[in-house]
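Descriptive analysis of the structure
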Amino acid sequence: EDLWTALENSCRLVKPPKDGGGLLLVALYAREMVRDPDYWIRIKQLYLHVDDLDRSKMEMDYAWWLLREQVMQFGRNPFQMAEDARLQRGMNFWTDVKDWLGGYPIEFSEAAEVIRFVKERCGLVPVKVEPSTVTEFLFVTDPKRFAPAQLEKRNKLLKDWHEELLNQSQMVPLEGPFFPTGVSW
């Protein structure tokens, strides 16, 4: 379907207030945080239709685009930066590059339209928005139940759980090449 149908379907899974209420946490690509989203859609479409050599060139160009400022201005080591990215994101740098370039279909949204849609169509209240390339939204059925003190406790529990999961997980790099399957999820 599309982003809006998926968002509305997700809202339907949130417990209503009469059943104790619930929350919805979503992360969506932010149109306002990405320079020229249509450009990236074209790049992703191209990436999925070129041969292996051209795909590798695109990966190298994108990797350099990600690292160049830090390397050129501050003399940072690009290999160390790639390792730091793995530790921060939990994903091998090259897997992340391939994931971004090959991640299609993709839809972008603006925070204001997401908030308006979820409030009007789902009756949920936004309590936290973390703007980024992938903006995170936290919506709740009953904002009193999710007061800041309670959210801080939950955030700490989630952070601790995530760190424990990362410590126990073994990172397995995905080996390419990756090919378009013609399947649209």
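1. Examining the overall build of the chain
The helix and strand tally for the chain stands at 7 helices and 3 strands. Per-residue burial over the chain gives 28% buried out of 185 residues. Summarising the internal contacts of the chain: among those between residues at least 6 apart in sequence, 66% fall at separations of at least 24.

2. Thoughts on the confidence of the model for the chain
Chain-level statistics for the chain give a pLDDT mean of 83 and a share of 81% at 70 or above. Low confidence marks residues 181-185, where pLDDT is under 50. Its contacts with residues over four positions away, or in another chain, come to 1 contact.

3. With respect to the nonpolar core
In terms of nonpolar packing, the biggest core is built from 20 residues, with Trp40, Phe93, Trp100 and Leu101 touching the most fellow members. The set of elements that each furnish at least two residues to this core consists of α2 (37-47), α3 (52-74), α4 (78-89) and α5 (93-102). Per-element accounting of this core gives the leading share, 5 residues, to α3. Ignoring sequence-local partners within four residues, the contact set of Phe93 consists of Ala63, Leu66, Leu67, Ala82 and Ala85. One finds Cys11, Ala111, Val114 and Leu124 within the second-largest nonpolar core, a separate group that totals 14 residues.

4. Description of the pattern of salt bridges
Here the structure, examined in full by the defined rule, presents 8 salt bridges. Between Arg31 and Glu110 there is a salt bridge; the shortest N-O distance is 3.9 Å. Placement of Arg31 in the loop between β1 (23-29) and α2 and of Glu110 in the loop between α5 and α6 (111-122) is noted, with a sequence separation of 79 residues between them. The class of Arg31 is partly exposed, set by a relative accessible area of 34%. One salt bridge in this structure joins Glu113 and Arg31, with 3.1 Å as the shortest N-O distance.

5. Section: the sheet that holds strand β2 (residues 125-130)
Strands sit in the order β1-β3-β2 across an open sheet of 3 strands; the sheet is antiparallel. Pairing within the sheet leaves two strands with one partner each, and these edge strands are β1 and β2. Within this sheet the neighbouring strands show an average axis-to-axis angle of 20 degrees, counted without direction. Here β1 runs beside strand β3 (residues 134-140); their pairing, made up of 7 bridges, is antiparallel. Each bridged residue has a counterpart across the sheet, and for Leu28 the counterpart in β3 is Thr135. Of the strands in this sheet, β1, β2 and β3 are in contact with α6, which crosses β3 at around 25 degrees.

6. Focus: the packing of aromatic side chains
Tallied over the full model, the rule gives 10 aromatic pairs. Plain terms: the ring middles of Trp4 and Phe117 are 5.0 Å apart, the flat faces sit at 50 degrees to each other, and that makes the pair tilted. Note that Trp4 is positioned in helix α1 (residues 3-11) and Phe117 in helix α6, a separation of 113 residues in sequence. The exposure class assigned to Phe117 is buried, which follows from its relative accessible area of 12%. In this structure an aromatic cluster arises from ring pairing among Tyr29, Tyr39, Trp40, Tyr62, Trp65, Trp100 and Phe108. Note that Lys44 overlies the ring of Trp100, its terminal NZ or CZ placed 3.8 Å from the centroid. For the cation-ring pair, Arg55 lies above Tyr47, with the distance from its terminal atom to the ring centre recorded as 5.4 Å.

7. Here we look at the packing of α2 against α5
Viewed as axis vectors pointing N to C, α2 and α5 meet at an angle of 105 degrees, and their least axial separation amounts to 7 Å. Judged on the interaxial angle alone, α5 and α2 are roughly perpendicular. Between α2 and α5, the contacting residues are Trp40, Ile43, Lys44 and Tyr47 on the first element and Lys98, Trp100, Leu101 and Gly102 on the second. Here the residues of the contact of α2 with α5 are counted per class, giving 5 nonpolar, 1 polar and 2 charged.

Cut-offs applied
- Residues numbered from 1 in each chain as written.
- Predicted model: local features only at pLDDT ≥ 70, side-chain atom pairs only at ≥ 80, totals over all residues.
- Heavy atoms only, no water.
- Helix = DSSP H or I, 4+ residues; strand = E, 2+ residues; numbered from the N terminus.
- Buried < 20%, exposed > 50% of the residue type's maximum accessible area, 1.4 Å probe, protein only.
- Contact = heavy atoms within 4.5 Å.
- pLDDT = per-residue confidence, 0-100.
- Core = buried A, V, L, I, M, F, W, Y, C linked by side-chain atoms within 4.5 Å.
- Salt bridge = Lys/Arg side-chain N within 4 Å of Asp/Glu carboxyl O.
- Pairing = 2+ DSSP bridges.
- Axes fitted to C-alpha atoms, helices over the stretch in contact; angles between N-to-C directions.
- Phe/Tyr/Trp six-rings, centres within 6.5 Å; stacked < 30°, edge-to-face > 60°.
- Lys NZ or Arg CZ within 6 Å of the ring centre and 35° of its normal.
- Parallel < 35°, antiparallel > 145°, perpendicular 65-115°, else oblique.
- Nonpolar A, V, L, I, M, F, W, Y, C, P; charged D, E, K, R; others polar.

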